[in-house]
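Remarks on the overall topology
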Amino acid sequence: MTRQQVLTLMSMASVNFSSMICYSILGPFFPNEAIKKGASQTTVGLIFGCYAVCNLIGSLVLGKYIVQIGAKFMLVAGLFVSSGCTIMFGLLDRAPAGPAFITLCFIVRSVDAVGFAAAMTSSFALTAKIFPNNVATVLGSLEIFTGLGLILGPPVGGWFYQSFGYEVPFMLLGCFLLVMVPFNIYILPSIDAVPSKDSFFRLLTHFKIVLICYAIFTLSAGLGFLDATLSLFAIEKFKLTPGYVGLIMLGLSLPYCLASPLMGYFTDKYPATRRWFMVMGGIITALGFCLLGPAPFLHIPSQLWLLVLMLGLIGFSLGMTAIPTFPEIITCAYQNGFEEGLSTLGMVSGLFGAVWSMGMFYGPIVGGLITQHLSFEWAAVVQAGLGFLAVSIS
């Protein structure tokens, strides 16, 4: 590899790890803390969901103007904003319970989402630009660091919360993210590019791209649903502490972390297998959600070992489905006359981030509503239905 490629890999790995560990610390304890502050299950879902809406808008706008803004500046600025918001989120326990706390949660979470969108949109685009022939392999390898962030976030956040209270997890991880800013300023290479006249709407005129986007939506909807509801379900059903809930979430992120580089390498070596990996991954994900509760109509009692096993199955299938989608959209765009360059890669990255955010908005809100009015088990069945629909269309 060239020096530029090595430095880019180091930079992207640091971005993926630091961003994801800050994102994932909320799961084990924040829903319970928010309910103590007067928020309902539906409101908790909306707090998670507003992050996705702002991420969606940010991904589309920043993806379109990545060349004008500058990919390196966008990434560094995004990290800086996210670090500040993470620290501020740790101070929200000092806000009065009720509307004041809920409003501040929405504001800080929304700004954090725009920073995250900037960092991840530029990260995906730069990776695809500098590794044009090995996009899936590199993205799959980088997902090891995404997985590490997702793995460490819940148990670290849950343990610090149990040991030191609400503020400490956010303060420590926010400062860690802040350290990544000068690190990336120093090592990330600058890339010059020419703006393209193409648009997101032209991308979405191709049915294959729309179909891949729906598959991405189902995956992120499932993850968003688990973010907002799994910790409360595990605490109420199995009487677990937030620290143990964080360990349970390892069952989701660890298999994804291990599967992603393998799937990336295989789909780069054999591009024709991408669609079959996406279909098989969708089937396994849907079955995993059916048995997660498990589904009430199966009449299987809820057991902790079954929950952890199904989370592992969902994590592995997520790697099968998600890793091939990004290079497949890029290939489809180039085949349909889009210019090869950073501008098109920025749009594809922005589209990926926007569709992912749509699912992250839908999952917590609809999942939270169904959980509140029916049960976690039925909400998981709805997520399984989305997966089966994606497979059927494919």
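Cut-offs applied
The residue numbering used here restarts from 1 in each chain and proceeds along that chain's sequence as written. Since the coordinates come from a predicted model, pLDDT governs what is reported: local features require at least 70, and pairs of side-chain atoms require 80 or more to be given and counted, while whole-chain, interface and lining totals use all residues. Only hydrogens and water are removed before side-chain values are computed, so all heavy atoms of the structure are retained for them. Here a helix means four or more residues in a row that DSSP labels H or I, a strand means two or more in a row labelled E, and each is numbered from the N terminus. A helix is expected to span 1.5 Å for every residue after the first. Bend is the name given here to the angle between axes fitted to two runs of seven residues, the run ending at a residue and the run starting at it. Working definition: with a 1.4 Å probe on protein chains only, accessible area under 20% of the residue-type maximum means buried, over 50% means exposed, and in between means partly exposed. In what follows, a disulfide is any cysteine sulfur pair within 2.5 Å. Buried Ala, Val, Leu, Ile, Met, Phe, Trp, Tyr and Cys residues that are joined via side-chain atoms within 4.5 Å together make up what is termed a nonpolar core. The start and end points of each domain follow an automatic or database-based domain assignment. Any pair of residues with heavy atoms lying within 4.5 Å of one another is described as a contacting pair. Accessible-area loss on putting two parts together, using a 1.4 Å probe and summing over both, is the definition of buried area adopted here. Every case where a carboxyl oxygen of Asp or Glu lies within 4 Å of a side-chain nitrogen of Lys or Arg is listed as a salt bridge. Think of a polar contact as two N or O atoms within 3.5 Å of one another; within protein, one of them needs to be a possible hydrogen donor and the other a possible acceptor, and neighboring residues in sequence only count if both atoms come from side chains. All amino acids are sorted into three groups, where Ala, Val, Leu, Ile, Met, Phe, Trp, Tyr, Cys and Pro are nonpolar, Asp, Glu, Lys and Arg are charged, and the leftover types, Gly among them, are polar. To obtain an axis, a line is fitted to C-alpha atoms, over the contacting stretch when the element is a helix, and the angle between two such axes runs from 0 to 180 degrees between their N-to-C directions. The cut-offs work like this: below 35 degrees is roughly parallel, past 145 is roughly antiparallel, 65 to 115 is roughly perpendicular, and the gaps in between are oblique. Handedness of a helix crossing follows the sense of rotation of the near helix relative to the far helix, less than a right angle counterclockwise being left-handed and clockwise being right-handed.

**Re helix α14 (residues 304-335)**
Here α14 contains 32 residues, and its C-alpha end-to-end distance of 47 Å stays within 8% of the 46 Å for a straight helix at 1.5 Å per residue. Helix geometry: α14 is bent most strongly at T325, by close to 30°, with proline P327 lying one to four residues after it. In terms of burial, α14 is largely enclosed, as 23 of its 32 residues are buried. Directly beyond the C-terminal end of α14, a positive phi value near 95° is found at G337.

**A short note on the state of the cysteines**
Under the defined criterion, the tally for this structure stands at zero disulfides. Here C213 is not disulfide-linked; the sulfur of C332 is the nearest cysteine sulfur, at 9.9 Å. When its relative accessible area of 7% is taken as the criterion, C213 is described as buried.

**Focus on the nonpolar core**
Counting 120 residues, the largest nonpolar core has F30, F89, L226, L292 and F326 as the members making the most contacts within it. In terms of residue count, the dominant contributor to this core is helix α10 (residues 207-238) (16 residues). For this core, the domains that each give at least three residues are domain 1 (1-191) and domain 2 (194-393). Not counting chain neighbours up to four residues away, the residues in contact with F326 comprise F124, A128, V135, L139, V348, S349 and F352.

**Here's the deal with α10**
Because each turn of an α-helix spans 3.6 residues, side chains separated by three or four positions end up pointing in the same direction. Under the 1.5 Å per step criterion, the end-to-end length of α10 is 44 Å for 32 residues, consistent within 8% with the ideal 46 Å. At T229, α10 is bent by approximately 45°, the largest bend along its length. Burial of α10 is extensive: 26 of the 32 residues sit out of reach of the surface. Where α10 terminates, the next one or two residues include K239, which has phi positive at roughly 55°.

**Let's talk about the domain arrangement of the chain**
In terms of domains, the chain is made up of domain 1 (1-191) and domain 2 (194-393). A C-alpha centroid distance of 18 Å is found between domain 1 and domain 2. Listed by partner, the interface residues are 54 residues for domain 1 and 54 residues for domain 2. Around 4,200 Å² of area is buried between domain 1 and domain 2 when both sides are counted, 73% of it from carbon and sulfur atoms. For the pair domain 1 and domain 2, the number of links is zero salt bridges. Summed over the shared surface of domain 1 and domain 2, the result is two residue pairs in polar contact (both at pLDDT 80 or more). Looking at which element gives the most residues to the side of domain 1 that touches domain 2, the answer is helix α7 (residues 135-164), with 17 residues. Residues belonging to the side of domain 1 that touches domain 2 are distributed by class as follows: 31 nonpolar, 20 polar and three charged.

**Section: the pattern of salt bridges**
Inspection of every chain in the model, using the stated rule, returns two salt bridges. Salt-bridge contacts for E328 lead to K208; the nearest nitrogen and oxygen are separated by 2.8 Å. In this pair, E328 is assigned in helix α14 and K208 in helix α10, connecting sequence segments 120 residues apart. Of the residues examined, E328 reaches a relative accessible area of 6% and is grouped as buried. Judged by its relative accessible area of 32%, K208 is partly exposed.

**Here we look at the packing of helix α5 (residues 71-89) against helix α8 (residues 167-187)**
It is at 8 Å that the axes of α5 and α8 come closest, and there the two elements cross at 165°. Of the possible angle classes, the one that applies to α5 and α8 is roughly antiparallel. Along this stretch, α5 crosses α8, giving a crossing that reads as left-handed. Contacts between α5 and α8 involve K72, L75, V76, L79, F80, S82, S83, T86, I87 and F89 from the first element and F170, M171, L173, G174, C175, L177, L178, M180, V181, N184 and I185 from the second. Along the lines of polarity and charge, the residues of the contact of α5 with α8 split into 15 nonpolar, five polar and one charged.

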